Amino acid sequence: MINASLKQLSAQLAAKKISSVELTQLYLDRIAALNPDLNAYITVNPELSLAQAREADARIAAGKAEALTGIPIAQKDIFCAKGWLTTCGSKMLHNFVSPYDAHVIGQFNNAGAVNLGKTNMDEFAMGSSNETSYYGPVKNPWDKTRVPGGSSGGTAAAVAARLCAAATGTDTGGSIRQPAALCGVSGLKPTYGVCSRYGMIAFASSLDQAGPMAKSAEDLALLLNVMAGFDERDSTSLQREREDYARDLAKPLNGLRIGLPKEFFAEGLGNDVGLAVQAAITEYKKLGATVVDISLPNSRLSVPVYYVLAPAEASSNLSRFDGVRYGYRAPEYVDLADLYEKSRAQGFGTEVKRRILIGTYVLSHGYYDAYYIKAQKIRRLIAQDFSNAFKQCDIIMGPTSPSTAFKLGEKGDDPVQMYLSDIYTIAVNLAGLPGMSIPCGFGENAMPVGLQIIGNYFDEARMLNAAHQYQLATDWHSRAPQGL
Ligand code: GLN
């Protein structure tokens, strides 16, 4: 049951082979047994989950089930969910019970899915290893001495360890794709604006995007069908006709033109990762695709540009955490300014403070033009690189991350090394393009390797098609960590 696809689970529920309550309990039992060690969840609330499961069972009995009705889905703890503790991995929100649902959560509720719990994450989604969480690091289920990646590390570990049927993540600079790669699962960041950001705690608003994480591309398509959609409460939500992201899964890949950016296969890429990615490209050729060499000349600037823009936006977004409106408040203070200062000093962790300092610096008078405006201009050039590349190819492929999962604590005191984990993913966010990662083999120490697939705007269905066809021909995605 724990290795079943969403489609199979749905069929089992429809045939009454299992009830949603039983399925939910099965996962709750696994979480109770395995989570104390893995730390993939911050919050489980069996009462709330089982209440939803009972409702789902009634809906199934009434013949009103949809694709995800009754299926237990874990939610990254960045999504506000009514009645659930919603911490964003921070002490600042350690006591925040959300009074409302994020749009994405509302969509899952309407579909009759069960919220199985809130997954661990880097504090305010800032990190690539899940080590900045106030709730402690998550362990990679493939090797518990290693990181799961971040910031959606709890979600990636929960999917890999089969502690949920599927789950959500968010991706500002790689936080769905990089942990998916490091934990051997599939993850997709849609085109910016496809999923509403309403109720998703903001990090860098022009980059943040929600997306699904699951065992396969086929599952991702079903999840995205539920998550996507226009929402007037997010001014950047796109008003588009509903689409079925699973519609092209079965298409053959004959004639698909895959662009390989030379910058993604250059210095800095781990040998083991490069070999697995090249083997995946060979498989794609067998499936009928052709390969084109392309160049993204400005992609080398994506990390520095991101670390100007993302902190700038974060410093503004995080100003709302002042100890007054919600969340943590310092127990002792002398006046209002002292209350703000102490609450923020005590409530935020080191990485978050570092970003706020960088952000306020690059936005300050005298530096704004030199850093912030400059970075915005380069952001445009990076996006243009992709537009040019998509004149020559239909889809872009390369590694998701330069290395497989590194050791817990290994990059803890070197933020720049940590920032380089996202060297292949960040440009996609800067351009607002859709990107995904699927498992494509194992590298050093038998750790999973991810293949990144980047599409043109709104080309999610084509990316999912390419991923699904590969997953029909290979079995990397169905491998699961043993002996947990
Ligand atoms: N690792 C990147 C950062 O620390 C990206 C995080 C994300 O995508 N949320 O900002």
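Residues numbered from 1 in each chain as written. Predicted model: local features only at pLDDT ≥ 70, side-chain atom pairs only at ≥ 80, totals over all residues. Heavy atoms only, no water.

### Things to note about the environment of Gln392
Structurally, the position occupied by Gln392 is in the loop between helix H12 (368-389) and strand S9 (395-399). Residues Gln392 and Arg257, 135 residues apart in the sequence, show an inter-C-alpha distance of 7.8 Å. Once residues within four sequence positions are removed from consideration, Gln392 is found in contact with Arg257, Val292, Asp293 and Ile294. (Helix = DSSP H or I, 4+ residues; strand = E, 2+ residues; numbered from the N terminus. Contact = heavy atoms within 4.5 Å.)

### Quick word on empty space enclosed by the protein
Scanning the model with the defined rule gives three cavities of 30 Å³ or more in all. Lining the largest cavity are Gly193, Val194, Ala228, Gly229, Phe230, Leu238, Arg240, Glu241, Arg242, Glu243 and Tyr245. When grouped by side-chain class, the residues that make up the lining of the largest cavity number five nonpolar, two polar and four charged. Quantified by volume, the second largest cavity comes out at close to 60 Å³. (1 Å grid on protein atoms, 1.4 Å probe; cavity = no way out; pocket = protein on both sides within 12 Å on 5 of 7 lines; lining within 4 Å. Points joined across faces, edges and corners; volume = space filled by probe spheres on them. Nonpolar A, V, L, I, M, F, W, Y, C, P; charged D, E, K, R; others polar.)

### Quick word on the pattern of salt bridges
Taken as a whole, this structure holds 21 salt bridges when the rule is applied. The salt bridge involving Arg59 is made with Glu66; its shortest N-O contact spans 2.7 Å. On the basis of relative accessibility, which here comes to 22%, the residue Arg59 falls in the partly exposed class. The exposure class of Glu66 is partly exposed, given its relative accessible area of 42%. Close ionic contact of Lys342 with Asp338 constitutes a salt bridge, the shortest N to O distance being 2.8 Å. Here the residue Lys342 and the residue Asp338 both occupy positions in helix H10 (residues 336-347), the gap between them amounting to four residues, near one helical turn. (Salt bridge = Lys/Arg side-chain N within 4 Å of Asp/Glu carboxyl O. Buried < 20%, exposed > 50% of the residue type's maximum accessible area, 1.4 Å probe, protein only.)

### Some words on the sheet that holds S9
Strand order across the open sheet formed by eleven strands is S1-S3-S2-S4-S6-S5-S10-S11-S9-S7-S8, with mixed pairing between neighbours. Each edge of the sheet is formed by a strand with only one pairing partner; in this case those strands are strand S1 (41-43) and strand S8 (290-294). Across the sheet, the mean angle from the axis of one strand to that of its neighbour is 35°, orientation sign disregarded. When strand S5 (residues 186-189) meets strand S10 (residues 435-442), the two strands line up antiparallel, connected through three bridges. Residue pairing in the sheet places Leu188 in a bridge with Met436 of S10. Set on the sheet, helix H2 (residues 20-38) makes contact with S1, strand S2 (72-76) and strand S3 (114-119); between it and S3 the angle comes to about 15°. (Pairing = 2+ DSSP bridges. Axes fitted to C-alpha atoms, helices over the stretch in contact; angles between N-to-C directions.)

### What about the nonpolar core?
Membership of the largest hydrophobic core comes to 147 residues, with the highest contact counts inside it found for Phe124, Tyr284, Phe386, Met397, Met436 and Ile453. In terms of residues, this core owes the most to one element, helix H9 (residues 302-317), which gives nine residues. Setting aside anything within four residues of it in sequence, one finds Tyr284 in contact with Leu253, Ile258, Ala289, Met397, Ile438, Leu451, Ile453, Ala466, Ala467 and Tyr470. (Core = buried A, V, L, I, M, F, W, Y, C linked by side-chain atoms within 4.5 Å.)

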